[in-house]
Amino acid sequence: SYGLGLLVLMLSTYVHIFFHECGHALTCKHYGRKILKGGMMFYYGSPAFFVDTTDIWMAPKSARIITSCAGPAADLLLGGLLVIVIVLFPEIPVAAVLFQVAAMAYLGVLSNLAPFMELDGYYILMDWLEIPRLREKSLAFIGAPLRAKLRKREPLSRDEKIFAVFGALSGLWTLLALGLLLATLGGYLVRFAQTT
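Let us look at the structure shown here. (Residues numbered from 1 in each chain as written. Predicted model: local features only at pLDDT ≥ 70, side-chain atom pairs only at ≥ 80, totals over all residues. Heavy atoms only, no water.)

Before going further, it helps to examine the packing of helix 1 (residues 2-30) against helix 7 (residues 158-195). In the contact formed by helix 1 and helix 7, the axes pass within 9 Å of each other and the chain directions differ by 140 degrees. The angle between helix 1 and helix 7 falls in the class oblique. Contact residues: Tyr2, Gly3, Leu6 and Leu9 in helix 1; Tyr188, Arg191, Phe192 and Thr195 in helix 7. Per-class residue counts for the contact of helix 1 with helix 7 are five nonpolar, two polar and one charged. (Axes fitted to C-alpha atoms, helices over the stretch in contact; angles between N-to-C directions. Helix = DSSP H or I, 4+ residues; strand = E, 2+ residues; numbered from the N terminus. Parallel < 35°, antiparallel > 145°, perpendicular 65-115°, else oblique. Contact = heavy atoms within 4.5 Å. Nonpolar A, V, L, I, M, F, W, Y, C, P; charged D, E, K, R; others polar.)

So this is what it looks like as structure tokens:
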């Protein structure tokens, strides 16, 4: 049933988020930094779990990037292990559930590495470019400052080029992600209503 499928999907999300956040936390601790807090919050209207690894910001650039990569790497590891179990034991009763958890882990890797929302990929890019508050600066720049520069035909600096490209792609990505989320949820809700 769609209701049961939605419940399994929700629970599998919590499982993969647990491993994802453990990846960040363990890597942060590996570099001798502290985990300041952990818990649940709402991110774009959806429940999200987190560990506060902001203490890693005091570490070198490579440690910060590796800590950001550790969450998606944990998702990838979880998905891979579950796929191996499914391939080795295809007849186990929970194979379908394990498949859903693996699929959610792989989707977690893709969504977290996309740099246009403030998730792991964004922090990796921000650290790699060495531009703090990249999204905020980019969205501010693509308004009046960019139009003024273009109107005057002034050359853009390295950072301004990055702000222009990242700001435009970030805004587009956000609209596409919200549209996809609404379309997916709408489809599930329609099918759920038809089965009840």
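Considering all chains together, one arrives at seven aromatic pairs under this definition. Pairing Phe116 with Trp173 gives two aromatic rings, centres 5.9 Å apart and planes at 45 degrees, and the pair type is tilted. Of this pair, Phe116 sits in the loop between helix 3 (95-113) and helix 4 (120-129) while Trp173 sits in helix 7, and the two are 57 residues apart along the sequence. Note on Phe116: relative accessible area 17%, which makes it buried. On the basis of relative accessible area, Trp173 is assigned to the partly exposed category, the value being 32%. (Phe/Tyr/Trp six-rings, centres within 6.5 Å; stacked < 30°, edge-to-face > 60°. Buried < 20%, exposed > 50% of the residue type's maximum accessible area, 1.4 Å probe, protein only.)

In total, this model carries eight salt bridges according to the counting rule given. Note that Glu130 and Lys61 form a salt bridge whose closest N and O atoms lie 3.6 Å from each other. Of this pair, Glu130 sits in the loop between helix 4 and helix 5 (134-141) while Lys61 sits in helix 2 (residues 61-88), and the two are 69 residues apart along the sequence. A relative accessible area of 29% places Lys61 in the partly exposed class. The shortest N-O distance in the salt bridge between Glu118 and Arg135 comes to 4.0 Å. Of this pair, Glu118 sits in the loop between helix 3 and helix 4 while Arg135 sits in helix 5, and the two are 17 residues apart along the sequence. Assessed through its relative accessible area of 11%, Arg135 is described here as buried. Several salt bridges converge on common partners, so that one network encompasses Lys149, Glu154 and Glu160. (Salt bridge = Lys/Arg side-chain N within 4 Å of Asp/Glu carboxyl O.)

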